[in-house]
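Observations on the model geometry
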Amino acid sequence: MNKALKEIKPGIGLGNLKFGMSRAEVKLMLGKPTFKDKYSHSDSDEDLTEAWEYDELELSLSFDEEEDWKLIMISVNSNFYELEGISFIGLKEKELLKRLETIRLGTLNLEDCSEYKGQNQKVIEVDEKSINFWINDGVLDEIQWSPLFLDDDTIVWP
């Protein structure tokens, strides 16, 4: 894995990868993604998101058209990545909550996201840091974060 990308920096990025970077800047730094997808969160074609996946890095990036295709979200799925020097991916829910409390990110909001019988998915949201911890079947398997916001419409770019 790329040691320059090891540190999760809420509101800022991942190591030397920063929110607000263009697709060209990211491609120059990381190379061509394994997979790309474009989609919209609504029926409009004017709010497109482009997602890039880097399988070997267990890393996903999102760029929004509304923000001039700047890097707007990062997701990691490997215990290689660390937040405050701690590797969180793979921790069970209780241990995760305990460790998150010790690093004092902010208010932890735990929400059950299970939509189907037999599915066990939860998310811990920390709004103050724009970071989410996705728990599947009792184990953290994804950390997802974005830049900080002053209000619903104003991004604080690093």
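Here is what the cut-offs are and how they apply
Residues numbered from 1 in each chain as written. Predicted model: local features only at pLDDT ≥ 70, side-chain atom pairs only at ≥ 80, totals over all residues. Heavy atoms only, no water. Helix = DSSP H or I, 4+ residues; strand = E, 2+ residues; numbered from the N terminus. Rg over C-alpha atoms; globule rule 2.2 N^0.38 Å. Buried < 20%, exposed > 50% of the residue type's maximum accessible area, 1.4 Å probe, protein only. Lys, Arg positive; Asp, Glu negative; His and termini not counted. Charge placed at Lys NZ, Arg CZ, Asp CG, Glu CD. Salt bridge = Lys/Arg side-chain N within 4 Å of Asp/Glu carboxyl O. Pairing = 2+ DSSP bridges. Arc of directions from axis to C-beta. Contact = heavy atoms within 4.5 Å. Core = buried A, V, L, I, M, F, W, Y, C linked by side-chain atoms within 4.5 Å. Axes fitted to C-alpha atoms, helices over the stretch in contact; angles between N-to-C directions.

This part is about the overall build of the chain. Scanning the chain from terminus to terminus reveals 2 helices and 13 strands. For the chain, whose C-alpha radius of gyration is 16 Å, the value lies close to the compact-globule estimate of 15 Å for 158 residues. Counting only C-alpha atoms, the chain reaches 40 × 40 × 30 Å along its principal axes. Of all 158 residues assigned to the chain, the portion counted as buried reaches 39%. When the 18 positive and 34 negative side-chain charges of the chain are each reduced to one mean point, those points stand 9 Å apart.

Moving on, we come to the environment of Trp-69. Mapped onto the elements of the fold, Trp-69 is located in the loop between β6 (59-64) and β7 (70-76). Among the residues examined, Trp-69 registers a relative accessible area of 17% and is labelled buried. In the structure, Trp-69 is positioned 21 residues away from Gly-90 in sequence and 32 Å away in space, judged by C-alpha atoms.

Turning our eyes to something else, we now look at the pattern of salt bridges. Applying the stated criterion across every chain yields a total of 6 salt bridges. When the shortest N-O distance is used, the salt bridge between Lys-122 and Glu-93 registers 3.2 Å. Taken together, the residues span a long stretch of sequence, with Lys-122 in strand β9 (residues 121-126) and Glu-93 in helix α2 (residues 93-103) at a distance of 29 residues. Take Glu-93: its relative accessible area is 16%, and that puts it in the buried class. Glu-95 is paired through a salt bridge with Lys-98; the nearest N and O atoms lie 3.5 Å apart. Taken as a pair, Glu-95 and Lys-98 lie in helix α2 at a separation of 3 residues, close to a single helical turn.

Spatially, the 3 strands line up as an open sheet ordered β1-β2-β3, and their pairing is antiparallel. Each having just a single partner strand, β1 (8-9) and β3 (17-18) make up the two edges of the open sheet. Note: strand β2 (residues 13-14) against β3, 2 bridges, orientation antiparallel. Of the residues in β3, the one forming a bridge with Leu-14 is Leu-17.

Within an α-helix, residues lying three or four positions from one another point in the same direction, as the helix has 3.6 residues per turn. Regarding α2, the residues found buried are Glu-93, Leu-96, Leu-100 and Ile-103. Projected down its long axis, α2 carries its buried residues within an arc of 90°, all on one side. With respect to the buried face of α2, the exposed residues turned more than 90 degrees away are Lys-94, Lys-98, Glu-101 and Thr-102. Looking at the buried residues of α2, the elements they touch are β8 (109-112), β9, β10 (131-136) and β11 (139-145). Looking one or two places after α2, you find Arg-104, whose phi comes out positive at around 50°.

Another aspect to go through is the nonpolar core. Core analysis: the largest hydrophobic core is formed by 39 residues, its most contacted members being Leu-59, Leu-61 and Phe-133. At the level of elements, α1 (23-30), β5 (48-54), β6, β7, α2, β9, β10 and β11 are the ones that each hand at least two residues to this core. Apart from residues lying up to four places away in sequence, Leu-61 is in contact with Leu-17, Val-26, Leu-30, Glu-50, Ala-51, Trp-52, Tyr-54, Leu-71, Met-73 and Ile-74.

Attention shifts here to the sheet that holds strand β4 (residues 35-40). In space, the 8 strands of this open sheet follow the order β4-β5-β6-β7-β11-β10-β9-β8, with antiparallel pairing throughout. Every other strand in the sheet has two partners, leaving β4 and β8 as the edge strands with one partner each. Along the sheet, successive strands turn relative to each other by an average axial angle of 20°, direction set aside. Bridge count between β10 and β11: 6 bridges; the pairing is antiparallel.

Purely spatial values, then, with no claim about function.
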